[in-house]
Amino acid sequence: MRKMFVAGNWKMNTLAQSAVELASGLAQVVPARLANVDVAVCPPFPFLSAVGAAVAGSGVDLGAQNVWFEKPGAYTGEVAIEMLADVGCRWVILGHSERRAILGETDALISKKVNACLAKGLPVILCVGETLAERQANQTEAVLNTQMAGSLAGVEASAMAHVVIAYEPVWAIGTGVTATTEQAQSAHLHLRKWLESRYNPAVAAATRILYGGSVKAQNAASLLEQPDVDGALVGGASLKVDDFLPIIRAAETARKS
Ligand code: PGA
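Just so you know, these numbers come straight off a predicted model, no measurement behind them.

Novice: An account of the packing of aromatic side chains is requested, with residue identities and associated values reported.
Specialist: Summed over the entire model, instances satisfying the criterion amount to four aromatic pairs. Ring geometry for Y167 and Y211: centres 6.3 Å apart, planes at 55°, overall tilted. With Y167 in strand β6 (residues 163–167) and Y211 in strand β7 (residues 209–212), the pair connects residues that are 44 residues apart, well separated along the chain. Given the relative accessible area of 0%, Y167 is considered buried. Accessibility expressed as a relative area gives 1% for Y211, which makes it buried.

See the structure below:
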């Protein structure tokens, strides 16, 4: 059975004090690892250490939002995998649509990052998703195929135990428009079938596929009840304990056998 996973992507939000307050608040309401839901928060780089300290020993893991694939050296402005591991990161988000669209990240670059993280033992949350224009042109599955094949190039089946996929339709991110449960389930099932044909049935059955895009307390339960939705990657609603906790609770009750 796939364990549910709810991760908060804080994006470029919070300051030192508010980041620690948010993290401490979460650690208080999730004081120990939950039996059937993994929980993580991914703050901006400058606050990783402080947030890591605030959630230490609780049921909340630390993740980062990006990384560079080279070993430490002359890469001004970048952050190495070793640095994330050193401050206690257990996850890194890669290939988020904002990095693809705004920072120009390609599948080729993302696959370098994915492979480097997996080689160094840092588990990855790999984001994929189509734009509105692509969906309207019936290109959703083709886009997902391209992103999956490109971003996972060179990743062996044995490494997939350390990869979580996040399906995030670009048109649903930060817009308040959520994919319907049918749209989410259909895309997730497509991704699972892709994993089966690229890898094997065991990888397809074991890989967690999160939904992301305007997840909130009101829609979390119905999304998380879908058979191929194994959790949520949450942006806006992860910035307040009162918004994030109900999503974690929905994941706790949604898991099917
Ligand atoms: P949102 O962001 O929940 O604010 O839509 C999700 C994400 O981009 O990971």
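After that view, the rundown keeps rolling.
Novice: Describe the layout of surface pockets, naming the residues involved and giving the relevant values.
Specialist: Approximately 430 Å³ is the volume found for the largest pocket. Contributing to the lining of the largest pocket are 15 residues, with K11, M12, Q65, E98 and R99 lying nearest its centre. Split by residue class, the lining of the largest pocket holds eight nonpolar, four polar and three charged. Counted as a void, the second largest pocket has a volume near 230 Å³. Considering the residues around the second largest pocket, the lining is formed by 19 residues, among which G174, S214, G235, G236 and A237 are closest to the centre.

Novice: Please set out the environment of D243 residue by residue, giving values where relevant.
Specialist: Mapped onto the secondary structure, D243 falls in helix α11 (residues 241–254). Under the relative-accessibility criterion, D243 is labelled partly exposed at 31%. The sequence separation of D243 and Q147 amounts to 96 residues, and the corresponding C-alpha distance is 31 Å.

Novice: Please set out the pattern of salt bridges residue by residue, giving values where relevant.
Specialist: Side chains carrying opposite charge are able to pair once their charged atoms draw close together. Here the structure, examined in full by the defined rule, presents 15 salt bridges. R249 is paired through a salt bridge with E252; the nearest N and O atoms lie 2.8 Å apart. Taken together, the residues span about one helical turn, with R249 and E252 both in helix α11 at a distance of three residues. Residue E252 is classed as partly exposed on the basis of its relative accessible area, which comes to 25%.

Novice: Requested: an account of the site of the ligand, with residues and values cited.
Specialist: Around the ligand, 13 residues are found, and the nearest of them are K11, H96, E168, G174 and S214. K11 is positioned such that a nitrogen or oxygen atom in its side chain is 2.7 Å from an oxygen atom of the ligand. Contact distances for the ligand include 2.7 Å between an oxygen atom and a side-chain N or O atom of E168. When the free accessible area of the ligand is taken as 280 Å², the share hidden by the protein chains comes to 95%. Of the pockets mapped on this structure, the ligand occupies the second largest pocket.

Novice: Any chance you could break down the side chain of H188 for me, citing the residues and the numbers?
Specialist: Counting through the fold element by element, H188 comes out in helix α8 (residues 181–198). Residues in contact with H188, not counting those within four places in the same chain, are Y167, I209, L210, Y211, D228 and V229.

About the thresholds
Residues numbered from 1 in each chain as written. Predicted model: local features only at pLDDT ≥ 70, side-chain atom pairs only at ≥ 80, totals over all residues. Heavy atoms only, no water. Phe/Tyr/Trp six-rings, centres within 6.5 Å; stacked < 30°, edge-to-face > 60°. Helix = DSSP H or I, 4+ residues; strand = E, 2+ residues; numbered from the N terminus. Buried < 20%, exposed > 50% of the residue type's maximum accessible area, 1.4 Å probe, protein only. 1 Å grid on protein atoms, 1.4 Å probe; cavity = no way out; pocket = protein on both sides within 12 Å on 5 of 7 lines; lining within 4 Å. Points joined across faces, edges and corners; volume = space filled by probe spheres on them. Nonpolar A, V, L, I, M, F, W, Y, C, P; charged D, E, K, R; others polar. Salt bridge = Lys/Arg side-chain N within 4 Å of Asp/Glu carboxyl O. Near = heavy atom within 4 Å. Polar contact = N/O pair within 3.5 Å; in protein donor to acceptor, adjacent residues only side chain to side chain. Areas by Shrake-Rupley, 256 points an atom, 1.4 Å probe, with all protein chains shown as cover. Sits in = over half its atoms within 2 Å of the grid points. Contact = heavy atoms within 4.5 Å.

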